[in-house]
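Given next are the chains, with one letter for each unit.
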Amino acid sequence: MARKTRKKKPRTRRRSSQGRRWFWRLLLLGLVVSLLALLVLDAVVYQKFSGKKWSLPSHVCSRALELYQGQSLGREQLQWELGNLGYHRVSAAKNPGEYSVSSNRVELYSRGFEFWDGSEPARLMRVAFQGDSVLGLTDSRGAPLPLARLEPMVIGGIYPAHKEDRELVKLEQLPPSLADGLIAVEDQRFYQHHGLSFRGVARAMVANLKEGRLAQGGSTLTQQLVKNFYLNQQRTLSRKLLEALMAVMLEIHFSKQEILETYINEVYLGQAGDRAVHGFGLASRHYFQRSVEELELQQVALLVGMVKGASYYNPWRQPERALQRRNLVLTLMAEQGVITPDAARRAQQKPLGVLPQQQGRGGRWQYPAFLDLVKRRLREQYDEEDLQTEGLRIFTRFDPQVQRKLEARVASRIDNLEQGYRIETGKLQGAAVVVRVGSGEVVAMAGDRQAGYAGFNRALDARRQIGSTVKPAVYLAALERPSQYTLASLIDDSPLSVKAKDGDVWEPRNFGRESHGPVPLYEALGQSYNQAAARLGLELGVDKVVDALQRLGYEGHLPPLPSLMLGAVSMSPVEVAQLYHTIAANGFYTPLRAIDSVFTSTNTPLQRYPFESEQRFDPRAMHLLHYAMQVVLREGTGKSAYRRLPESLVLAGKTGTTNDQRDSWFAGFSGNYLSVVWLGRDDNGKTPLTGGTGALQLWTDIMASLDNRSMVFNQPDGVSYYWVEPANGLLSREGCAGARYLPFIDGSEPRQQSGCRPDTLEGVIDWFKGKFGW
Amino acid sequence: MVINGRLFLAILLCSLLAGCAQVYVPVSESKSPPSNLPSTFPPPETQAPPASPPVATESESAKRIEPTTSNTPVKGNSAVASLLDEAWRLSRAREYDRSNAVAERAMRIDHAEPEVYLVMATNYVAMTQLQLAEQLVRQGLPLAGQKPGVKAELQSLLTRIRSGY
């Protein structure tokens, strides 16, 4: 036994020593693994924090409002703009972002802004009004200012899948009370601890024990940041340990200022529709529509208070609770010496002062149709991921003032037409595009009768037959051949039929089923005679009309069929706007632009979309077309426009109606705006509307609401005007019966004189002069 | 006295002819809008032919369709002038892109101002983008009728561009 025992003892010792060895080996292994894990963790902490911290959505901005003497802008319009930019009405503007109003004057302190072409300084200015225009613009000393610019308005964004939105701010931008207040409320020993605060944990434990529930957290700001920035929201022991470790690591690598700034940009502070509002920068715009620099003490306190629970203290849903929390924060700030007790008391007296909820930035962006256009243009050049994550700042030419007028008119006119023509309520739809003539910039767009509707965008996607809206291309193709066609050429408007290769017979008829015999070309367009247009197009050849449409800017497929002459081609309103802009710009093609420039998230200029143009038509032929398109509005199918527009305003345009009146179009322009309107039903059903009774009415509403100038109708070199007798196209004289003053490309004018007799005093004098050589 | 006599004769003949002169009558409209519509509702797109032959007596509207002798004066001329000054300054400083951006601001206020096209074309010439420059000159020239100085500069620039400057 003893031997046995003796034999056993060394085995036990051996086992014990083997066990110890294994223990040490495992311990060592464990230490190595832990060390490696710590190193990996440290690398993760370091890399994420030192690299790009967030996926930043891109933000889309409107045009910047230019202010200058003589501008068509009323006081209410300027106030509307300032309100949307988050300017605050005060008794006397003293700081950027403030304005005051008197009977005919607005004094405003603009915010500075960095534009592509240079900086616009923040400055105090006075804008005097006379009616709906700017009478004068002066600086703070009363010296005249030639012009000034306000900053653009943020009108939308392009978001990553997680829908986090934030506006990055730097510590130096913050009001002093914000960072200090945050520390006073959330982590009083922030500058003393190294990521963990045992005193804070102990204090929280005591408080929790007293309350018998989890009333306080002992996490430092650094721990909170780690939890939000790196980890999930689980409340497990292992996660708490990990959080503590990472907090210490973060404090080792980064300064307190860097950690605080990141916290201020990271923290969740609310919800805007499906987008999460992160950081104080965006939160200040979301709740107060002002930049973080402009926050007042009570506003700072509310946001600081909401850190504890943005939903729980939501000032819109729980205003009483939010107010109590805000006032508690103010008390804490006073106790910690961040503010004086007097300042706290004064701030506590103030109301919450948040915006009405529907104005909170981006519950839903207001201009989905235009944003749709911007996104499509951007996707032609940028990756979707870059758009969603690189925080690009996209500046557009969108004009919110024009847009709001457009939206109001689209909604009211469609309602009015439905009632007037007894169309089933809600069946009639519409789309409209407004383009600045010359620069080719899309300034406003409606894709639905209902403003703000974010579904099917008819302005871009409703491809409908354009009917007679195509005719200017047919007539332009003719007028480019002055040896064959002039405005006085007689076009036969009698019935015709064309047999296609497949045996089908095409028999176009006029809208009124009447024929007019030979009519002058300008009148055929002005009255939109189908038979004349079809015959003219067939004489020219379909290929010539296709070529004209392509040069005008249409990039889609064009069926080379005779019916093309009457608009049997489907286009969207924005495509029609492209064609008509080339006409409005005197034959110079400019690709329609929605975007002006793109900046990086750090405000570095990235790309500009400059103005470009290409001459595609002879200006002489274009002058003749402009004449005929004025006839449309003065005497033809569009003449009802002048019932509501001033006679002195020179406009040109064309109506369009398709078979069974399924589509009602009008496209036309002044000297500075081109508008295209489509009305119809989504199910392509019949309507009682023609281009004149439907779209033209809305077009007139839109144009009447804008500050229009007469179109430029200068007589180009190589064009001369002659009095002619339209019935036979012969030369006539002023004052002769029926004589009309028509432009001709030199060499194409009629040679033969008609035997007219003058019927006015001037005509008689001319006649006598001619007869007797006076 | 001779002239007065001729004038008297002219007036006499005129008053005799006045009785025969046609008076412009607006064309009739084939359809009336539904009676329940507001009075602002227009006639259908295509109207019935005029009651008289196609050659109606010249209407007041038709008289109005005449070429303009100058571009409509634009409100905000001082703003345009100030922007053009700035665009030229930037152009001289060889900041062509910024200069063009400023010129585009002027274009938004008045796209019929020919100097806008001149400064932009000058910038494109400096950037040796001659095609773009030529197009801008072509666009500016028809607008420069009332500004002989600008017109001369545009023409001179066009000559330089075409000579491959």
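Above this text you will find the structure in question.
These lines cover the structure that appears in this document, whether it is placed above or below. (Residues numbered from 1 in each chain as written. Chains lettered and ligands numbered in written order. Predicted model: local features only at pLDDT ≥ 70, side-chain atom pairs only at ≥ 80, totals over all residues. Heavy atoms only, no water.)

So, the overall build of chain A
So, point 1. Counting its regular elements, chain A contains 23 helices and 33 strands.
So, point 2. In terms of overall dimensions, chain A is more spread out than a globule: its C-alpha atoms have a radius of gyration of 36 Å, far above the 28 Å expected for 774 residues.
So, point 3. Of all 774 residues assigned to chain A, the portion counted as buried reaches 58%.
So, point 4. Partitioning the contacts of chain A with sequence separation of at least 6, the portion at a separation of at least 24 is 68%.
So, point 5. Here chain A has roughly 32,500 Å² of accessible surface; of this, 50% comes from carbon and sulfur atoms.
So, point 6. One way to put it: in chain A the 97 positive side-chain charges average out to a point 15 Å from where the 80 negative ones average out. (Helix = DSSP H or I, 4+ residues; strand = E, 2+ residues; numbered from the N terminus. Rg over C-alpha atoms; globule rule 2.2 N^0.38 Å. Buried < 20%, exposed > 50% of the residue type's maximum accessible area, 1.4 Å probe, protein only. Contact = heavy atoms within 4.5 Å. Areas by Shrake-Rupley, 256 points an atom, 1.4 Å probe, with all protein chains shown as cover. Lys, Arg positive; Asp, Glu negative; His and termini not counted. Charge placed at Lys NZ, Arg CZ, Asp CG, Glu CD.)

Here we look at the overall build of chain B
So, point 1. Secondary structure assignment for chain B yields seven helices and zero strands.
So, point 2. Going from N to C terminus, chain B has its helices and strands arranged as α-α-α-α-α-α-α.
So, point 3. The proportion of buried residues among the 165 residues of chain B is 44%.
So, point 4. When contacts within chain B are restricted to residue pairs at least 6 apart in sequence, those whose partners lie at least 24 apart make up 52%.
So, point 5. Counting only carbon and sulfur atoms, one obtains 57% of the accessible surface of chain B, whose full area is about 8,500 Å².

Side note on the sheet that holds strand β14 (residues 275–278) of chain A
Residue and element names in this part refer to chain A.
So, point 1. Read from one edge to the other, the open sheet built from three strands follows the order β12-β14-β13, with strand pairing classed as mixed. Each having just a single partner strand, β12 (164–166) and β13 (268–272) make up the two edges of the open sheet. On average, each strand axis in the sheet is tilted by 35° relative to the strand beside it, whichever way the strands run. (Pairing = 2+ DSSP bridges. Axes fitted to C-alpha atoms, helices over the stretch in contact; angles between N-to-C directions.)

Focus: the packing of aromatic side chains
Residue and element names in this part refer to chain A.
So, point 1. The tally for this structure, following the rule as stated, stands at 20 aromatic pairs over all chains.
So, point 2. With centroids separated by 5.3 Å and ring planes inclined at 75°, the aromatic side chains of F23 and W24 adopt a geometry described as edge-to-face.
So, point 3. With a centroid separation of 4.5 Å and 45° between ring planes, the pair formed by F49 and F254 is classed as tilted. Highlighted residues: F49 in helix α1 (residues 2–50) and F254 in the loop between α6 (237–253) and α7 (256–266), separated in sequence by 205 residues.
So, point 4. Three or more aromatic residues joined by ring pairs make a cluster, and in this case those are Y46, F49, W54, F229, Y230 and F254.
So, point 5. Taking NZ or CZ as reference, K48 lies 4.5 Å from the ring centre of F229, over its face.
So, point 6. The side chain of R321 reaches across the aromatic face of Y312, ending 3.8 Å from its centre. (Phe/Tyr/Trp six-rings, centres within 6.5 Å; stacked < 30°, edge-to-face > 60°. Lys NZ or Arg CZ within 6 Å of the ring centre and 35° of its normal.)

So, the environment of L352 of chain A
Residue and element names in this part refer to chain A.
So, point 1. As for its placement among the helices and strands, L352 is situated in the loop between α11 (341–348) and α12 (368–379).
So, point 2. Judged by its relative accessible area of 12%, L352 falls in the buried class.
So, point 3. In sequence terms L352 and R326 are 26 residues apart; their C-alpha atoms lie 8.5 Å from each other.
So, point 4. Beyond its immediate chain neighbours, meaning those up to four positions away, L352 contacts F288, L302, P315, P319, A322, L323 and R326.

What about the sheet that holds strand β15 (residues 393–396) of chain A?
Strand pairs in the sheet, formed through backbone hydrogen bonds, run parallel or antiparallel to each other.
All names here are of chain A.
So, point 1. One open sheet holds the five strands; their spatial order is β11-β1-β15-β25-β26, and the pairing between them is mixed. Both edges of this open sheet fall to β11 (154–158) and β26 (605–608), since each of them pairs with a single strand only. When strand polarity is set aside, the average angle formed by the axes of neighbouring strands in this sheet is 20°.
So, point 2. Running at roughly 50° to β11, α12 makes contact with β1 (58–61), β11, β15 and β25 (595–599) of the sheet.

Some words on helix α3 (residues 77–92) of chain B
So, point 1. Over its 16 residues, α3 of chain B extends 22 Å from the first C-alpha to the last, a length consistent with the 22 Å expected when each residue adds 1.5 Å.
So, point 2. Of all the residues in α3 of chain B, the buried ones are A79, V80, L83, L84, A87, W88, L90 and S91 of chain B.
So, point 3. Summarising the contacts, the buried residues of α3 of chain B are in contact with β2 (66–68) and β10 (147–149) of chain A together with α4 (96–109) and α5 (114–126) of chain B. (Expected span 1.5 Å × (residues − 1).)

Focus on unusual backbone geometry
So, point 1. For N586 of chain A, which is not a glycine, the phi torsion comes out positive at approximately 60°.
So, point 2. Looking at where N586 of chain A falls in the secondary structure, it is placed in the loop between α20 (573–584) and β24 (588–589).
So, point 3. Taking the relative accessible area as the measure of exposure, N586 of chain A reaches 23% and is therefore partly exposed.
So, point 4. Positioned with a positive phi, R94 of chain B is a non-glycine residue whose angle comes to about 65°.
So, point 5. Note on placement: R94 of chain B falls in the loop between α3 and α4.
So, point 6. For R94 of chain B, a relative accessible area of 65% gives the class exposed.

Describing the side chain of T657 of chain A
So, point 1. Note that T657 of chain A resides in strand β28 (residues 652–657).
So, point 2. For T657 of chain A, a relative accessible area of 12% translates into the label buried.

A short note on the nonpolar core
Residue and element names in this part refer to chain A.
So, point 1. If you look at the biggest cluster of nonpolar residues, it comprises 119 residues, and the most contacted ones within it are L67, L78, L108, L378 and Y475.
So, point 2. For this core, the leading source of residues is helix α21 (residues 619–634), giving nine residues.
So, point 3. When residues no more than four places from it in sequence are discounted, the contact partners of L378 are I158, L387, I394, I595, V598 and Y609.
So, point 4. Ranked by size, the runner-up nonpolar core spans 62 residues in total, among them L171, A272, V300 and A301. (Core = buried A, V, L, I, M, F, W, Y, C linked by side-chain atoms within 4.5 Å.)

So, α4 of chain B
So, point 1. Here α4 of chain B contains 14 residues, and its C-alpha end-to-end distance of 20 Å stays within 8% of the 20 Å for a straight helix at 1.5 Å per residue.
So, point 2. In terms of residue burial, α4 of chain B counts as a mostly covered element, since 12 of its 14 residues are buried.

What to know about the pattern of salt bridges
Residues and elements named next belong to chain A.
So, point 1. Within the structure shown, the criterion is met by 58 salt bridges over all chains.
So, point 2. Among the ionic pairs, D165 bridges to R275, the shortest N-O distance being 2.7 Å. Separated by 110 residues along the polypeptide, D165 in strand β12 and R275 in strand β14 bring together distant segments of the chain.
So, point 3. What makes D165 buried here is its relative accessible area of 0%.
So, point 4. One salt bridge in this structure joins D596 and R397, with 3.9 Å as the shortest N-O distance. (Salt bridge = Lys/Arg side-chain N within 4 Å of Asp/Glu carboxyl O.)

Here we look at the pairing of strand β9 (residues 133–139) of chain A
All names here are of chain A.
So, point 1. Bridge analysis of strand β8 (residues 124–130) against β9 gives six bridges, and the strand direction is antiparallel. Looking at the pairing, V127 lines up with L137 of β9.
So, point 2. Hairpin connection of β8 to β9: two residues between the antiparallel strands, including G131 at a positive phi of 60°.

Details of the packing of α3 of chain B against α4 of chain B
Residue and element names in this part refer to chain B.
So, point 1. Between α3 and α4, whose axes approach to 8 Å, the crossing angle comes to 165°. The orientation of α3 relative to α4 falls into the category roughly antiparallel. In this structure, α3 meets α4 at a crossing whose hand is left-handed. On α4, the residues touching A79, V80, L83, L84, E86, A87, L90 and S91 of α3 are Y96, R98, S99, V102, A103, R105, A106 and I109. (Parallel < 35°, antiparallel > 145°, perpendicular 65-115°, else oblique. Left-handed = near helix turned anticlockwise from the far one by under 90°.)

Here's the deal with the environment of V434 of chain A
Residues and elements named next belong to chain A.
So, point 1. Structurally, V434 can be placed in strand β16 (residues 428–436).
So, point 2. Sequence separation between V434 and F669 is 235 residues, and the spatial gap between their C-alpha atoms is 9.5 Å.
So, point 3. Among all residues touching V434, those that are not within four sequence positions of it are V402, L406, E441, V442, V443, A444, Y673, L674, S675, I702 and L706.

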